[in-house]
There are 2 protein chains.
Amino acid sequence: MDQVKVFLDESEIPKQWYNILADMPTPMSPPLHPGTGQPVGPDDLAPVFPMNLIEQEVSTERWIDIPEEVLEKYLLWRPTPLHRARSFEKLLDAPVKIYYKNEGVSPPGSHKPNTAIAQAYYNKAFGIKRLSTETGAGQWGSALSMACQMFGLECRVFMVRVSYEQKPYRRLMMNTWGANCIPSPSDKTEAGKKILAQDPNSPGSLGIAISEAIEDAVMDETARYSLGSVLNHVLLHQTINGLECQKQLEKIGVYPDVVIGCAGGGSNFAGLCLPFVRDKIHGKDISIVAAEPTSCPTMTRGPFAYDFGDTVQMTPLLAMYTLGHDFVPAPIHAGGLRYHGMAPIISHVVKEQIVEARAYDQMETFDAGIKWARTEGYISAPETNHAIAAVVQEAERAKEEGKEKVILFNWSGHGLVDLVAYDDFLSGKLTKYELPEEEIQKSLKLIEGLPKP
Amino acid sequence: MDQVKVFLDESEIPKQWYNILADMPTPMSPPLHPGTGQPVGPDDLAPVFPMNLIEQEVSTERWIDIPEEVLEKYLLWRPTPLHRARSFEKLLDAPVKIYYKNEGVSPPGSHKPNTAIAQAYYNKAFGIKRLSTETGAGQWGSALSMACQMFGLECRVFMVRVSYEQKPYRRLMMNTWGANCIPSPSDKTEAGKKILAQDPNSPGSLGIAISEAIEDAVMDETARYSLGSVLNHVLLHQTINGLECQKQLEKIGVYPDVVIGCAGGGSNFAGLCLPFVRDKIHGKDISIVAAEPTSCPTMTRGPFAYDFGDTVQMTPLLAMYTLGHDFVPAPIHAGGLRYHGMAPIISHVVKEQIVEARAYDQMETFDAGIKWARTEGYISAPETNHAIAAVVQEAERAKEEGKEKVILFNWSGHGLVDLVAYDDFLSGKLTKYELPEEEIQKSLKLIEGLPKP
């Protein structure tokens, strides 16, 4: 029997994160202060993030040491296994070998704790007592809840009210890890009170929840805000995954032709792919694919522009692909991919044509996910199914071209608390969704007056 | 940093299951035909199970080869990691080293597919087209659904109606794996129709669901029945876990002083513990603990007697610890431990004092489970929390005695779709439950006239 799984011994776990800023072939446009239009400095961010993380955010060092305390917690579930998807290969009947990195084995079931653990550690080390964050469907909120508990920090999570009510499992996970999960809009913040005054039954939105979390953090000097994607330091922490994966592939003498990840804010994609982006920058012939939803086609239909990271315009201006900070994607089940922008790092490598972005409709992603579950066993998160849809497409192309290919992708998480999504698909409740161009243009109007990268 | 996880390379996966019947120090009482009072023969079981599994059920061969096709599917998630629980050790502050075998990494999240895969394979090899089974909370039904899908068998699962309605996630898992999940009582069987005629709103019970599944199987000669615990061949298939674990411990030069598993029907307990029971029979000084709930104290308060495996008296009489086939345990969240009997193999080694049974109240199990989740990260199944409660107890004893101990237990599954149980505990809805002796005596009255072992 051929090998289908590659483990790393925990002594082989990478001891440093990889910082792509050291290898960027062209300079990135800096974040700008929305008031002055000037690049933001560390002091501008100090009320929001601890200084040790701000330093990481702007660092251009290629390798950054992972603190011993962070490694210790990573070892609760890392190194994660690399699998070969032989049963899925057989079903596809194409000349491809498919490998996947299994990030679903972490306690909350996704890649999110890779940065949650690191952020909790650095905040604790900086003397912070409490973290505040927002969460949509709850993957990030649950990961940060666990991490805060492990480092003795309080954790307050503003969860979009409609998700809080409709998707109780992630909220219950947060409670189990001792966090305080609050439906947003809430009466805990001025931002929340304002919304409630207008509409006491507001279902909430990610934009409102971000405002509440930031306000909650900056009003308390022992607290800071924490974000689960988009920022440089978040992507940095995720690279532990791709670095592990490269060691695993080396063990079996394999190098991929195609590397795939789904992309919402960009962190799980970055985690697996940035170490391969580095190889490509240094001459490797490899294609790297970011899979996004057609209902939120940030990279495939949005411009590369300066825009706010949040709806209520509290963040610096980021140079990124964007659909406009006011864009509200259709309520697809892949909640983690419903973000109007894209991490500046990922946007930059897409703009430089190092990474290719492709969009997939939810129907083809669930079709791929069902095939996956029925061959490989694992039920994927709806987000992850976008990566699997890209794998299917690559396999079909290889078959047409009669070309052998090694495909690697990030299995970013399981879908065991997203099963209602599968039910909707299997019972015919989901449909193909065409996003009208007018809708994109309408929200892009709002950013016309902003500086250009 | 000391090692906290031990992986086996997949080439090291055990190629045979271990059959404890070859090593039993005293003879076991055979299953009896309820009509004749004589030991049942293979032909009596032929309408219910395929002959290749019946042969395994009665085999006394010590080692039984795992078919290549079964190994191939096991490798989708096996070998499972062995972890050291350093963070939990630190919290307990006792002179113990705690190791746990992580069966939660399987696609449905528990040990159940170890036998589901094997049973689906043997039925397929015997020419069967469809399997029928029952499920309570859904762990077993979901595991068998996945296994049937992988071997191209149809799968029909009769799920206790109250669980079907209250716990939709396991049912949705079954659908995702292509199974037909039917709330029981149903109008698909005579047994179901009879119950519905008496009470159209019957919430169902495991006893009724078993009747429906067996009837459904025996009425269709291309179908067979499948059971997820209790029987010899089911326990046999689970031993892959303990055998892997022994190899992992050998790698790090560790041998446990105490081995712990929770026990409902006995299969997850058997999986980890039987290879250690073998060592104990051959002279090893080791204690082996089966943890059951105080609300269903089969081994700690029931007699060793002949009794039916099911409520409606369709099975052979099994020699086992039992609370009486009519016993209805309190509706605790650890649904997998709510069984009136105990696997004959486990009952026998408890009776022979090779294994010690202990009972734990749900309050101490959830308390242990919360401590576990907040240190080790993983949220355990409510069943698994019984094993963790026993670990806590062992650690406290070691502290009192000032004696160093190595504790090993089976982390049989995660609780990500059982989070309502944690919510009930955290919000104070659960209480200590005292089971009145009269209740046990009442249901034991029913078995007074049966043969004695």
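Residues numbered from 1 in each chain as written. Chains lettered and ligands numbered in written order. Predicted model: local features only at pLDDT ≥ 70, side-chain atom pairs only at ≥ 80, totals over all residues. Heavy atoms only, no water.

Trainee: Outline the relation of the copies chain B and chain A, supporting the account with residue identities and numerical values.
Mentor: There are two copies of the chain, and a rotation about an axis plus a shift along that axis relates them. With an RMSD of 0.0 Å, chain B superimposes on chain A once it is rotated by 180° and translated 0.0 Å along the axis. Taken together, the rotation and translation relating the two chain copies correspond to the operation of a two-fold axis. Take the interface residues of chain B: 100% of them recur as interface residues in chain A, which is what a same-surface contact looks like. (Least-squares fit on C-alpha atoms with pLDDT ≥ 70 in both. Contact = heavy atoms within 4.5 Å.)

Trainee: Describe the environment of A:Val355, naming the residues involved and giving the relevant values.
Mentor: Residues and elements named next belong to chain A. Within the fold, Val-355 resides in the loop between α15 (344-351) and β14 (356-360). According to the relative accessible area criterion, Val-355 is buried, its value standing at 3%. Taking the C-alpha atoms as reference points, Val-355 and Asp-199, separated by 156 residues in sequence, lie 43 Å from one another. Look past the residues within four positions of Val-355 in its chain and what remains in contact with it is Phe-269, Val-277, Ile-288, Ala-290, Val-349 and Val-350. (Helix = DSSP H or I, 4+ residues; strand = E, 2+ residues; numbered from the N terminus. Buried < 20%, exposed > 50% of the residue type's maximum accessible area, 1.4 Å probe, protein only.)

Trainee: With reference to specific residues and values, describe the interface of chain B and chain A.
Mentor: Reports of interface size often rely on the accessible area that becomes lost once the parts have come together. Between chain B and chain A, the contact holds 51 residues from the first and 51 residues from the second. Summing both partners gives a buried area of about 4,500 Å² for chain B against chain A, and 60% of it is carried by carbon and sulfur. At the junction of chain B with chain A, the criterion picks out four salt bridges. In this structure, B:Lys90 engages A:Glu72 in a salt bridge whose closest nitrogen and oxygen atoms are separated by 3.7 Å. Where chain B meets chain A, there are 19 residue pairs in polar contact (both at pLDDT 80 or more). At the level of elements, α3 (68-74), α4 (86-92), α6 (139-151), α8 (168-176), α16 (362-376) and α18 (419-426) of chain B are the ones that each hand at least two residues to the side of chain B that touches chain A. Its residues assigned to classes, the side of chain B that touches chain A comprises 27 nonpolar, eleven polar and 13 charged. (Buried area = accessible area lost by both parts, 1.4 Å probe. Salt bridge = Lys/Arg side-chain N within 4 Å of Asp/Glu carboxyl O. Polar contact = N/O pair within 3.5 Å; in protein donor to acceptor, adjacent residues only side chain to side chain. Nonpolar A, V, L, I, M, F, W, Y, C, P; charged D, E, K, R; others polar.)

Trainee: How would you explain the sheet that holds strand β8 (residues 180-184) of chain A if you had to name every residue and give the values?
Mentor: Residue and element names in this part refer to chain A. With respect to topology, four strands assemble into an open sheet ordered β8-β7-β6-β9, the strand pairing being parallel. Lying at the two open borders of the sheet, with one neighbouring strand each, are β8 and β9 (223-225). Strand after strand, the sheet turns through a mean of 25° between neighbouring axes, direction not considered. As judged from the five bridges shared by strand β7 (residues 154-160) and β8, these two strands associate in the parallel manner. Counterpart to Met-159 in the pairing with β8 is Pro-183. Where helix α6 (residues 139-150) meets the sheet, its contacts fall on β6 (130-135) and β7, and the angle it forms with β6 comes to roughly 165°. (Pairing = 2+ DSSP bridges. Axes fitted to C-alpha atoms, helices over the stretch in contact; angles between N-to-C directions.)

Trainee: Just give me the short version of the nonpolar core, but keep the residues and values in it.
Mentor: Of all hydrophobic cores here, the largest spans 167 residues; its most connected members are A:Trp17, A:Tyr74, A:Phe409, B:Trp17, B:Tyr74 and B:Phe409. Setting aside chain neighbours within four positions, we find B:Phe409 in contact with B:Ile98, B:Tyr99, B:Tyr100, B:Lys101, B:Ile260, B:Leu272, B:Trp372, B:Ala387, B:Ile388 and B:Val391. Formed by 57 residues, the second largest nonpolar core is a distinct cluster that contains B:Leu82, B:Val230, B:Ala263 and B:Ile346. (Core = buried A, V, L, I, M, F, W, Y, C linked by side-chain atoms within 4.5 Å.)

Trainee: Got a sec to walk through the sheet that holds strand β14 (residues 356-360) of chain B? Specific residues and values, please.
Mentor: Residue and element names in this part refer to chain B. Spatially, β1-β4-β5-β15-β10-β11-β14 is the arrangement adopted by the seven strands of the open sheet, whose pairing is mixed. A single partner strand is all that each edge strand has here, and the edge strands are β1 (5-6) and β14. Lying over the sheet, helix α13 (residues 267-281) contacts β5 (96-102), β10 (258-262), β11 (287-293) and β15 (405-411), oriented at roughly 155° with respect to β10.

Trainee: Please set out the confidence of the model for chain A residue by residue, giving values where relevant.
Mentor: For chain A, mean pLDDT is 95; residues scoring 70 or higher make up 100% of the total. At the level of chain-chain contacts, confidence expressed as ipTM amounts to 0.96, with global pTM at 0.97. (pLDDT = per-residue confidence, 0-100.)

Trainee: So, helix α19 (residues 437-445) of chain B: which residues are in play, and what are the values?
Mentor: All names here are of chain B. Of all the residues in α19, the buried ones are Ile-440, Ser-443 and Leu-444. End-on, the buried residues of α19 take up no more than an arc of 105°, which puts them together on one face. The exposed set on the far side of α19, more than 90 degrees from its buried face, consists of Glu-438, Lys-442 and Lys-445. The secondary structure elements touched by the buried residues of α19 are α14 (298-301). (Arc of directions from axis to C-beta.)

Trainee: I'd like a description of the packing of aromatic side chains, backed by residues and values.
Mentor: One pass over the full model with this rule turns up 34 aromatic pairs over all chains. Between the NZ or CZ atom of A:Lys351 and the centre of the ring of A:Phe304, over which it lies, the distance is 5.2 Å. (Phe/Tyr/Trp six-rings, centres within 6.5 Å; stacked < 30°, edge-to-face > 60°. Lys NZ or Arg CZ within 6 Å of the ring centre and 35° of its normal.)

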